[in-house]
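Survey of secondary and tertiary structure
Listed here are the chains, written in short residue letters.
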Amino acid sequence: METEGARTDRLGLLLEQFDKAREMAQVRLTGLGDEEYLWEPVPGCWSLRRRGEAVTPRAFGPGDWVLDLGAPDIPASEYAEVARQAADGMTLAKIAEDWNVSVERVEQVLAHNGAPEPDVTPITTIAWRLGHLHFEFAGGWEWAFGEKRQDPKLMVDFTPSAALTLERFWAVIDRWRDSVATVTDEQLDTVGFSQYPYGSDPDDPFITVLAGANLEFIHHMAEIALLRDLWRTRFTRGPLPS
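Our next topic: the side chain of Ser-200. Tracing the chain through its elements places Ser-200 in the loop between α8 (185-188) and α9 (206-232). Its relative accessible area of 13% is what places Ser-200 among the buried residues. Reaching out from Ser-200, the side chain makes a polar contact with the side chain of Asp-204 at a distance of 2.8 Å. Setting aside residues up to four positions removed in sequence, Ser-200 forms contacts with Gln-85 and Asp-98.

What follows is the structure, given as C-alpha cells:
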C-alpha cells in the first residue's frame, strides 16, 4: 500500500477515507439500469414509489416520486448510541425528540439488558438506499455550509431514472466533499457547526458529524454492492465458483 504523501491530520484521514469509498462506490455503480435500480428482491421492500402508491406512513419527497419511510423507532443497532447520549448528559426528552419517539421508548431502550435483539427492518432497494444517502448529504451540506433553512426531506426530487439519479447524486457528493475540505481545525471541534435538523448534529462537534457521514456512506454503499451482486446472480443455480 502506498503511504507517500498520505495525510495524517484529522481532516486528512477523513477525506482520504471518503475519497477511497467514493471511488470504489462509483466503480460498483457503473452500468446501473432502471430495472435493477427499482428491483425488489423480496416482498415488503421499502423503495421509491409514485406519490399515492407508497406503502409506508411517512413516505416523503417534494415531487411525484417519494421515498418509503415507516413509523419512527430506535433500532437495536443504535441502542449503544442512545446510551452514550444519556451518559453525556442529554435529557430523555431531547433524546426522544432526536429519534422522533416517546420518552417511554427511550426509557425502554436504556433499561434494556443483554445483547440487543436483531433489528426487524425491511429490505430496501438500491433506489431507496441511494435516495436515503442523497437527501442526507444534500441536507448535510445545507445545514453545515448553506443557508440552514431547507428541510432535507424536501431537497431531492427523486426520480425512477437510475442515470439521472446518479448524475444528481454525485454532484451533491462532490459539493459536500469540496466544502468539507475547507473546514478548519477550529470548525472541526465546533459543537453545532452542523445544525442538521434530524439527529444529534447540533449537539456534536463537527468532526463527529463527518465521521458519521463517512460511516453512513460506506455502509450503504456496501449494501448497494451486495444488492448488485444478488441482481447479477438472481437466476443462477448451483454452487458458486471457487
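Don't stop here, the text continues.
Quick look at the packing of aromatic side chains now. Throughout the structure, instances matching the rule amount to 15 aromatic pairs. Relative to Phe-137, the ring of Phe-18 lies with its centre 6.1 Å away and its plane at 45°, an arrangement referred to as tilted. Taken together, the positions of Phe-18 in helix α1 (residues 10-28) and Phe-137 in helix α6 (residues 126-144) put the pair 119 residues apart, joining distant regions of the chain. Like Phe-18, the residue Phe-137 is buried in the burial classification. Between the aromatic rings of Phe-145 and Phe-206, the centroid separation amounts to 5.9 Å while the plane-to-plane angle is 80°, which identifies the pairing as edge-to-face. Here the residue Phe-145 occupies a position in the loop between α6 and α7 (162-180), and Phe-206 occupies one in helix α9, the gap between them amounting to 61 residues.

This paragraph deals with the packing of helix α3 (residues 79-87) against helix α5 (residues 103-110). At a minimum axis distance of 9 Å, the contact between α3 and α5 shows a crossing angle of 105°. When the axes of α3 and α5 are compared, the pair comes out roughly perpendicular. Contact residues: α3 offers Tyr-79, Val-82, Ala-83 and Ala-86, while α5 offers Arg-105, Val-106, Val-109 and Leu-110. Of the residues belonging to the contact of α3 with α5, the class tally is seven nonpolar, no polar and one charged.

What follows is about unusual backbone geometry. Its identity is not glycine, yet Asn-100 carries a phi of approximately 60°, on the positive side. Structurally, Asn-100 is set in the loop between α4 (92-99) and α5. Among the residues examined, Asn-100 registers a relative accessible area of 45% and is labelled partly exposed.

The next point concerns the side chain of Thr-165. Tracing the chain through its elements places Thr-165 in helix α7. Here the side chain of Thr-165 touches Ser-161 through a polar contact of 2.9 Å, landing on its backbone oxygen. What Thr-165 contacts, discounting residues up to four positions off in sequence, is Tyr-37, Leu-130, His-134 and Thr-159.

This part is about the nonpolar core. In this structure, Leu-130, Phe-137, Trp-170, Trp-176, Phe-217 and Met-221 are the most contacted members of the largest nonpolar core, which totals 49 residues. Within the residue set of this core, elements represented by two or more residues are α1, β2 (65-67), α6, α7 and α9. Counting residues per element, this core draws most heavily on α6, which supplies eleven residues. Discounting residues that sit within four places of it in the chain, Phe-217 has contacts with Phe-18, Ala-21, Arg-22, Ala-25, Leu-133, Phe-137, Phe-169, Trp-170 and Ile-173. Ile-74, Val-82, Met-90 and Val-101 belong to the second largest nonpolar core, which has eleven residues in total.

What follows deals with the packing of α1 against α9. For the pair α1 and α9, interaxial distance at closest approach is 10 Å and the crossing angle is 20°. In terms of orientation, α1 lies roughly parallel with respect to α9. Note on packing geometry: the crossing formed by α1 with α9 is left-handed. Facing α1, whose interface residues are Arg-10, Leu-11, Leu-14, Gln-17, Phe-18, Ala-21, Arg-22, Ala-25 and Arg-28, α9 presents Ile-207, Leu-210, Ala-211, Asn-214, Phe-217, Ile-218, Met-221, Ala-225, Arg-228 and Asp-229.

Criteria and thresholds
Residues numbered from 1 in each chain as written. Predicted model: local features only at pLDDT ≥ 70, side-chain atom pairs only at ≥ 80, totals over all residues. Heavy atoms only, no water. Helix = DSSP H or I, 4+ residues; strand = E, 2+ residues; numbered from the N terminus. Buried < 20%, exposed > 50% of the residue type's maximum accessible area, 1.4 Å probe, protein only. Polar contact = N/O pair within 3.5 Å; in protein donor to acceptor, adjacent residues only side chain to side chain. Contact = heavy atoms within 4.5 Å. Phe/Tyr/Trp six-rings, centres within 6.5 Å; stacked < 30°, edge-to-face > 60°. Axes fitted to C-alpha atoms, helices over the stretch in contact; angles between N-to-C directions. Parallel < 35°, antiparallel > 145°, perpendicular 65-115°, else oblique. Nonpolar A, V, L, I, M, F, W, Y, C, P; charged D, E, K, R; others polar. Core = buried A, V, L, I, M, F, W, Y, C linked by side-chain atoms within 4.5 Å. Left-handed = near helix turned anticlockwise from the far one by under 90°.

The values are spatial; any link to function lies outside them.
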